[in-house]
Amino acid sequence: MTGHEKGVPIQQLVRDKRMDPEQRMRLDAAIHRQGQGWVTGREGGRPWQLSRTNRVVACLGALVILLLISPVLIGLALAIKFTSKGPVMFVQKRTGYRGRKFGMYKFRTMVANAEELKESLRHLNKHGADAIDFKIDQDPRITGIGGFLRRTSLDELPNLINVVTGDMRLVGPRPTSFNAYRYKDSHLARLAIYPGMTGLWQISGRSNIDFDQRVELDLSYIAEQSLLLDLKILLKTPFKVFSGHGAS
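Residues numbered from 1 in each chain as written. Predicted model: local features only at pLDDT ≥ 70, side-chain atom pairs only at ≥ 80, totals over all residues. Heavy atoms only, no water.

Listed in full, the buried residues belonging to helix α5 (residues 144–152) are Gly146, Gly147, Leu149, Arg150 and Thr152. Two or three places before glycine 146, at the opening of α5, threonine 143 has a side-chain oxygen 2.9 Å from that residue's backbone nitrogen. One or two steps after α5, the chain reaches serine 153, where phi turns positive at roughly 60°. (Buried < 20%, exposed > 50% of the residue type's maximum accessible area, 1.4 Å probe, protein only. Helix = DSSP H or I, 4+ residues; strand = E, 2+ residues; numbered from the N terminus. Polar contact = N/O pair within 3.5 Å; in protein donor to acceptor, adjacent residues only side chain to side chain.)

Before going further, it helps to examine unusual backbone geometry. The phi torsion at arginine 98 lies on the positive side, around 55°, for a residue other than glycine. Here arginine 98 is to be found in the loop between β1 (89–95) and β2 (101–107). One non-glycine residue, serine 153, adopts positive backbone phi at about 60°. Examined against the element boundaries, serine 153 turns out to sit in the loop between α5 and α6 (159–165). Note on serine 153: relative accessible area 10%, which makes it buried.

Turning our eyes to something else, we now look at the UniProt feature "transmembrane region" (unreviewed entry) in the protein. The residues that UniProt annotates with the feature "transmembrane region" (unreviewed entry) are residues 56–80. Structurally, residues 56–80 is divided into 96% helix and 0% strand, and its ends, taken at the C-alpha atoms, are 32 Å apart. (UniProt positions renumbered as here; feature names shortened; annotations may be inferred.)

Close contact between helix α2 (residues 52–68) and helix α3 (residues 70–83) brings their axes to 4 Å; oriented N to C, the two are set at 60°. From α2, Leu66, Leu67 and Leu68 reach across to α3, where they touch Ser70, Pro71 and Leu73. Split into classes, the residues belonging to the contact of α2 with α3 amount to 5 nonpolar, 1 polar and no charged. (Axes fitted to C-alpha atoms, helices over the stretch in contact; angles between N-to-C directions. Contact = heavy atoms within 4.5 Å. Nonpolar A, V, L, I, M, F, W, Y, C, P; charged D, E, K, R; others polar.)

The subject of this paragraph is the packing of aromatic side chains. A ring pair, where both rings are aromatic, is described by two values, the distance of the centres and the angle of the planes. Under the counting rule described, the total for this entry stands at 4 aromatic pairs. When the centroid spacing of 5.7 Å and the interplanar angle of 55° are considered together, the rings of phenylalanine 178 and tyrosine 183 count as tilted. On the numbers, 5.7 Å between centres and 80° between planes, the contact of tyrosine 183 with phenylalanine 211 is edge-to-face. On the criterion of sequence distance, the pair formed by tyrosine 183 in the loop between β3 (169–171) and β4 (196–198) and phenylalanine 211 in helix α7 (residues 211–224) is long-range, its members being 28 residues apart. The pair formed by tyrosine 183 and phenylalanine 211 is uniform in burial state, with each residue classed as buried. Through a chain of ring-to-ring contacts, the aromatic side chains of Phe178, Tyr183 and Phe211 assemble into a single cluster. Between arginine 169 and the ring centre of tyrosine 194, over which it is positioned, the NZ or CZ distance is 4.0 Å. (Phe/Tyr/Trp six-rings, centres within 6.5 Å; stacked < 30°, edge-to-face > 60°. Lys NZ or Arg CZ within 6 Å of the ring centre and 35° of its normal.)

Here's what the structure looks like:
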C-alpha cells in the first residue's frame, strides 16, 4: 500500500499515453523481451498477462466479485462517511503498463489533508527520507476506520473497478504512486505487464520489503507468469491479507 493519499478529480483523469522519446527508449530497452506465448510456448509470443484471455477473465471475475461483495462495499462506505470528514473514495494517479498514468480507485483511509502533511513526516519514512517509496509505521494521518481497512486491505477493493476498465489485472505488480521517470533502469522491466490487485509481493512479505525487493518479485512473476500461477496467488492472498502480515 502507499504511504500517502492524494486524490484527483475524476474529470481530470486522462490516460497518459504520451512519453518523451528518451524515456520511451529507456522503457523499450528494459521491456523489449516479452517472453513466451502462453498457449504455444513460442518465443516472442503474447504472454499470459498480456493475453486477451487474461483481460476477459479478469474483467468477468472482477464484475462477479463486485456483485457478490456489494453489501460489504456499501457498509464500508457508510462507515467511512460517518467516522471522518472527506469523500468516501478517492482516485489516485498511479503508474501502470509501459509507464502510463491512470486513476486508481481506493477507499479513503487518511485524513482529508494527508498530502499536505506528507513533507513534515518524510523523516519517518521507514525506507529512508530520500527513498523512492514512502511508508510510515503507525502513520498519524490514518483514520480509525482507515487503520482497519489497511490492515485487512479492504481499502483496495475498489481496485476492482480498474480491473473492469482494463487499467489493471487481478494479478500483477502493484502500481506505484511515483511515475516511471523516477524508476531506475533496473526497475523499468516491471512495467512490461499490467499492474495487478495482488501479486507475489502481497503473499511474500508485503510492505515489510523495500522497492528493490519488490522489483525482484515482480520480475520473477513476469518470467513465470501463467494461469496456474495466478490461481495460486489469488488463493493465497486472502490468508496473507487477513492475517495482517506486513500491512501498514
